[in-house]
Amino acid sequence: MELFQNLIELRKFRSTNAMWNSLQLNSPMSVGYVTNLIESRTFSNKEEWRDFYYQSGHERIRLASIRGMSKELNLNYGRTEEELKGYGQKMYAELQKCGNPLNITLAECVFMVKYRVMGETWNGVIMREKNTIENMTKIFPYCSFEKVDGEADYKYAIDYEICLEGRLVCALQIKPMSYEKGFSPEIMKAKRANKAKNDLYVKEKGVPVYYVYSKADGTIINHDVVSLLRHSLQMPSVA
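Attention here is on the structure that accompanies the text. (Residues numbered from 1 in each chain as written. Predicted model: local features only at pLDDT ≥ 70, side-chain atom pairs only at ≥ 80, totals over all residues. Heavy atoms only, no water.)

**Digging into the nonpolar core**
Here is a general trend for soluble globular proteins: nonpolar side chains tend to be buried in one another's company.
No. 1: Formed by 29 residues in total, the largest nonpolar core has its most connected members in Trp-49, Tyr-53, Leu-84, Met-91 and Val-117.
No. 2: Sorting the residues of this core by element identifies helix H2 (17-22), helix H4 (34-38), helix H5 (46-67), helix H7 (81-97) and helix H8 (106-139) as the ones contributing at least two each.
No. 3: Sorting elements by how many residues they give to this core places H8 first, with eight residues.
No. 4: In this view, Trp-49 contacts Phe-4, Val-34, Leu-37, Ile-38, Phe-43, Met-118, Thr-121 and Trp-122; residues no more than four positions away in its chain are not counted.
No. 5: In this structure, Leu-164, Val-169, Leu-172 and Ile-220 belong to the second largest nonpolar core, which totals 19 residues. (Core = buried A, V, L, I, M, F, W, Y, C linked by side-chain atoms within 4.5 Å. Buried < 20%, exposed > 50% of the residue type's maximum accessible area, 1.4 Å probe, protein only. Helix = DSSP H or I, 4+ residues; strand = E, 2+ residues; numbered from the N terminus. Contact = heavy atoms within 4.5 Å.)

As structure tokens, this is what we get:
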């Protein structure tokens, strides 16, 4: 899948790191639990993720108009595009106080906010998947790891199918450890939905679905999945 591109000069981008933290623009209270939001459902592309995050922000405002703003709403929902633009304006105003030596524009500040909130989050998910499959391929060089299309991803909640000599062995879903340990309403809802989809896959295909929990560099955290996969490779498919 396509990544978000950082169009800001690296020197300018890095110069705002400290300000991003000092203004607490990276706080979940400012932007929500972004990792939980991106793991709450399957997205076909980066634009779909972006639109979902903005829509979640609108839902936050709608709910707040009914029952008042709360910590729960701030943490578990996204932000609107206008709200992110507001954070960009806040960053720009702070830069002006410091003399803005690199002449960073307001438009660049807004872009950096959007990129940090949505772009870096999306890119992290995509790169984790890519690096994890590279590591799995080193462990099982005789297997083929086939990326499923969007239809299969949506229907079965899987990322890859593993085949050995043309035989379907199992499917993989790649997630960060925060998904496994997450218990927010959004994550629990996603887990229930994914389990139902995984169960359908097992019923229709006759092979298991394994979850691989990994770091951004592809390091596999739940090593037992390697043993499970080795076991599956010794068993004939019943599909």
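**What to know about the packing of aromatic side chains**
For any pair of aromatic rings, the description rests on two quantities: the centre-to-centre distance and the angle between the ring planes.
No. 1: Overall, the coordinates contain 11 aromatic pairs when judged by the stated rule.
No. 2: Pairing Phe-43 with Trp-49 gives two aromatic rings, centres 5.5 Å apart and planes at 65°, and the pair type is edge-to-face.
No. 3: When the ring of Tyr-53 is compared with that of Tyr-54, the centres are 6.5 Å apart and the planes differ by 55°; the resulting orientation is tilted. Comparing Tyr-53 with Tyr-54, the two get one shared label, buried. (Phe/Tyr/Trp six-rings, centres within 6.5 Å; stacked < 30°, edge-to-face > 60°.)

**Considerations on the side chain of Asn-222**
No. 1: Its location among the elements puts Asn-222 in the loop between strand E4 (209-213) and helix H12 (224-233).
No. 2: A residue is classified by how much of its surface remains accessible, and Asn-222, at 14% relative accessible area, is buried.
No. 3: Here Tyr-211 takes part through its backbone oxygen, which lies 2.8 Å from a polar atom of the side chain of Asn-222.
No. 4: Residues in contact with Asn-222, not counting those within four places in the same chain, are Tyr-211, Val-212 and Tyr-213. (Polar contact = N/O pair within 3.5 Å; in protein donor to acceptor, adjacent residues only side chain to side chain.)

**Side note on the packing of H5 against H7**
No. 1: Contact geometry for H5 and H7: axes closest at 8 Å, N-to-C directions at 95°. Viewed along their axes, H5 and H7 adopt a mutual orientation that is roughly perpendicular. Together, Tyr-53, Tyr-54, Arg-60 and Ile-61 of H5 and Glu-81, Glu-83 and Leu-84 of H7 make up the contact between the two elements.
No. 2: A breakdown of the residues in the contact of H5 with H7 according to their chemical character gives four nonpolar, no polar and three charged. (Axes fitted to C-alpha atoms, helices over the stretch in contact; angles between N-to-C directions. Parallel < 35°, antiparallel > 145°, perpendicular 65-115°, else oblique. Nonpolar A, V, L, I, M, F, W, Y, C, P; charged D, E, K, R; others polar.)

**With respect to the packing of H5 against H8**
Packed helix pairs are characterised by how far apart their axes lie and by the angle those axes make with each other.
No. 1: Contact geometry of H5 with H8 gives a least axis separation of 10 Å together with a crossing angle of 130°. Accordingly, the angle class assigned to the pair H5 and H8 is oblique. Crossing of H5 against H8: the hand is right-handed. Across the interface between the two elements, Lys-46, Trp-49, Arg-50, Tyr-53 and Tyr-54 from H5 touch Lys-114, Val-117, Met-118, Thr-121 and Trp-122 from H8.
No. 2: The class makeup of the residues in the contact of H5 with H8 is six nonpolar, one polar and three charged. (Left-handed = near helix turned anticlockwise from the far one by under 90°.)

**Some remarks on unusual backbone geometry**
No. 1: Of note, the phi angle at Asn-103 is positive, near 55°, even though the residue is not glycine.
No. 2: Of note, Asn-103 is situated in the loop between H7 and H8.
No. 3: Phi at Ala-157 takes a positive value of approximately 55°, unusual for a residue other than glycine.
No. 4: Here Ala-157 lies in the loop between helix H9 (150-156) and strand E2 (160-164).

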